[in-house]
Amino acid sequence: MDTVEVFNGIRFPGFIHTQESLRAACSFLFQDKDILLVTFPKSGTTWMQQVLSLIFCQGHLWPIHHIPNWQRAPWLEQSNLVKMLGSLDPGQPRLLTSHLNAEALGPAVLRSKARVIYMARNPKDVLVSFYHFHKLANFLPDPNSFEDFVDEFLEGKGFFGSWFEHVKGWLGLKPDLNMLFVTYEELHQEPRTTLQKLSDFLGHPLKSEEEDFVLEHCSFSFMSQSSMVNYSLVPKEVMDTSRGRFLRKGVMEDWKKHFSPEQNEKFNAIYQAKMGDLGLHLPWTM
Ligand code: A3P
């Protein structure tokens, strides 16, 4: 099952991606009212998919209880896209998701006025979450060791490419796109303020009681129990939940329990070299 599809020099899991599906994503015809969520894997994609669905569900929980996240906000680059698009509610703006980098997907998005939400997370936590996900997901190879995984991540050779290039590439397009940059950490630490920022950006402001409703149904505890977002609907051959949970911990700075001082030092040096000149305040300490 862990076949690989190499596209623009980046490895994707062959189980859910084909050359055709990846190419189709890059020439996707966006509509101006589309909402595109872009993330590097393990940055809180599912969490944001839930928040966005809740913002637009106007208090009706039916989709939250009956439609899985991958159908509510389908991935552009996956081979099931056409089927998924066909099942979206035509009365709502399309919620779309992608892990593609700016080089691949940017040109297609730039041709529209679609709203883009770019969600980033402390890369050390992304790495740890991704490491555990590799053990759980049978469409990704088992990691050799944490040590090797860190090196691969830092070299940008892992699945979905380089975290550094992903974030920098999309940030580089920000001035030309209708884009909101948001972080996992903000949503974690200031959920209400972040929700307000999101709903304002989407032109869909919420009343205070609607905010309560969204926050309740996007909490880690609610989502962990919901088969529509916790990936328990996926067969065991695809995600072996006896080896871990998709909603694993949902905390900040779990990396501190995984990184050795040497790994941390190596990570910081590369982070500084690649991100140091960004001139952007990111809400994490390295
Ligand atoms: P951990 O593995 O650190 O727990 P993605 O959806 O991009 O694959 O990201 C998955 C990560 O987001 C997992 O991180 C998961 O637990 C976390 N996550 C999902 N929903 C969350 C929520 N409601 N609150 C906090 N973290 C959440």
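Notes on the structure in this doc start here. (Residues numbered from 1 in each chain as written. Predicted model: local features only at pLDDT ≥ 70, side-chain atom pairs only at ≥ 80, totals over all residues. Heavy atoms only, no water.)

What to know about the sheet that holds strand β6 (residues 178-183)
So, step 1. Read across the open sheet, the four strands follow the order β4-β3-β5-β6; overall the sheet is parallel. Two strands lie at the open edges of the sheet, namely β4 (95-98) and β6, each paired on one side alone. Put simply, the sheet's adjacent strands are angled 20° from each other on average, direction ignored.
So, step 2. Relative to β6, strand β5 (residues 115-120) runs parallel, the two being bridged by six bridges. Of the residues in β6, the one forming a bridge with Ile117 is Leu180.
So, step 3. Lying on the sheet, helix α2 (residues 45-56) is in contact with β3 (35-39), β4, β5 and β6; it crosses β3 at an angle near 165°. (Pairing = 2+ DSSP bridges. Helix = DSSP H or I, 4+ residues; strand = E, 2+ residues; numbered from the N terminus. Axes fitted to C-alpha atoms, helices over the stretch in contact; angles between N-to-C directions. Contact = heavy atoms within 4.5 Å.)

Details of helix α12 (residues 208-217)
Count 3.6 residues to each turn of an α-helix, and residues three or four apart come out pointing the same way.
So, step 1. Glu211, Phe213, Val214, Leu215 and His217 are the residues of α12 that are buried.
So, step 2. In this structure, the buried side of α12 is in contact with α2, α11 (191-201) and α13 (220-225). (Buried < 20%, exposed > 50% of the residue type's maximum accessible area, 1.4 Å probe, protein only.)

Observations concerning the layout of surface pockets
So, step 1. The calculated volume of the largest pocket comes to roughly 890 Å³.
So, step 2. Lining the largest pocket are 42 residues; nearest its centre among them are Lys42, Thr46, Trp75, Tyr231 and Phe246.
So, step 3. Elements that contribute at least two residues to the lining of the largest pocket include exactly α2, α7 (123-136), α10 (184-189) and α13.
So, step 4. Classifying every residue of the lining of the largest pocket by side-chain character gives 25 nonpolar, twelve polar and five charged.
So, step 5. Quantified by volume, the second largest pocket comes out at close to 350 Å³.
So, step 6. In terms of lining, the second largest pocket is formed by 14 residues, of which the most central are Pro63, Ile67, Arg72, Asp89 and Gln92.
So, step 7. Elements supplying a minimum of two residues to the lining of the second largest pocket: α2 and α4 (69-72).
So, step 8. Considered class by class, the residues forming the lining of the second largest pocket number seven nonpolar, four polar and three charged. (1 Å grid on protein atoms, 1.4 Å probe; cavity = no way out; pocket = protein on both sides within 12 Å on 5 of 7 lines; lining within 4 Å. Points joined across faces, edges and corners; volume = space filled by probe spheres on them. Nonpolar A, V, L, I, M, F, W, Y, C, P; charged D, E, K, R; others polar.)

A word on the pairing of strand β1 (residues 4-7)
So, step 1. Only one face of β1 is covered, namely the one carrying Glu5 and Phe7; the face carrying Val4 and Val6 has none of its residues buried.
So, step 2. Relative to strand β2 (residues 10-13), β1 runs antiparallel, the two sharing four bridges. Directly across from Phe7, in β2, lies its bridge partner Ile10.
So, step 3. Taken together, β1 and the strand that follows it, β2, pair antiparallel across an intervening segment of two residues, in which Asn8 is found at a positive phi of about 50°.

What to know about the packing of aromatic side chains
So, step 1. A full pass over the atoms with the stated rule returns 24 aromatic pairs.
So, step 2. The side chain of Lys42 reaches across the aromatic face of Phe133, ending 3.8 Å from its centre.
So, step 3. Here the basic side chain of Arg121 rests over the ring of Tyr184, its NZ or CZ set 3.8 Å away from the ring centre. (Phe/Tyr/Trp six-rings, centres within 6.5 Å; stacked < 30°, edge-to-face > 60°. Lys NZ or Arg CZ within 6 Å of the ring centre and 35° of its normal.)

Some details on helix α14 (residues 261-275)
So, step 1. In a regular helix each residue adds 1.5 Å, so 15 residues correspond to 21 Å; α14 covers 20 Å between its end C-alpha atoms and thus fits that length.
So, step 2. Where α14 is concerned, the buried positions are Gln263, Asn264, Phe267, Tyr271 and Met275. For α14, the angular spread of the buried residues around the axis is 95°, confining them to a single face. Those residues of α14 that are exposed and aimed more than 90 degrees away from the buried face are Pro261, Glu262, Glu265, Ala269, Gln272 and Ala273. (Expected span 1.5 Å × (residues − 1). Arc of directions from axis to C-beta.)

A closer look at the site of the ligand
So, step 1. As a structural note, the neighbourhood of the ligand is formed by 18 residues, with Thr45, Thr46, Ser129, Tyr184 and Lys249 the closest of them.
So, step 2. One of the backbone N or O atoms of Ser43 is found 3.1 Å from an oxygen atom in the ligand.
So, step 3. With respect to the ligand, the side chain of Arg248 contributes an N or O atom lying 2.8 Å from an oxygen atom.
So, step 4. Protein contact buries 97% of the 570 Å² of open area that the ligand shows by itself.
So, step 5. Placement of the ligand is best described as lying within the largest pocket.
So, step 6. The greatest single-element share of the shell around the ligand, amounting to three residues, is contributed by α2.
So, step 7. Among the residues making up the shell around the ligand, the classes are represented as seven nonpolar, seven polar and four charged. (Near = heavy atom within 4 Å. Polar contact = N/O pair within 3.5 Å; in protein donor to acceptor, adjacent residues only side chain to side chain. Areas by Shrake-Rupley, 256 points an atom, 1.4 Å probe, with all protein chains shown as cover. Sits in = over half its atoms within 2 Å of the grid points.)

Observations concerning the environment of Phe15
So, step 1. With respect to the helices, strands and loops of the structure, Phe15 is situated in the loop between β2 and α1 (19-26).
So, step 2. Judged by its relative accessible area of 37%, Phe15 falls in the partly exposed class.
So, step 3. Each C-alpha atom of the pair Phe15 and Val238 lies 9.1 Å from the other, and the pair is 223 residues apart in sequence.
So, step 4. For Phe15, the contacting residues outside a window of four places in its chain are Met1, Thr3, Phe139 and Val238.

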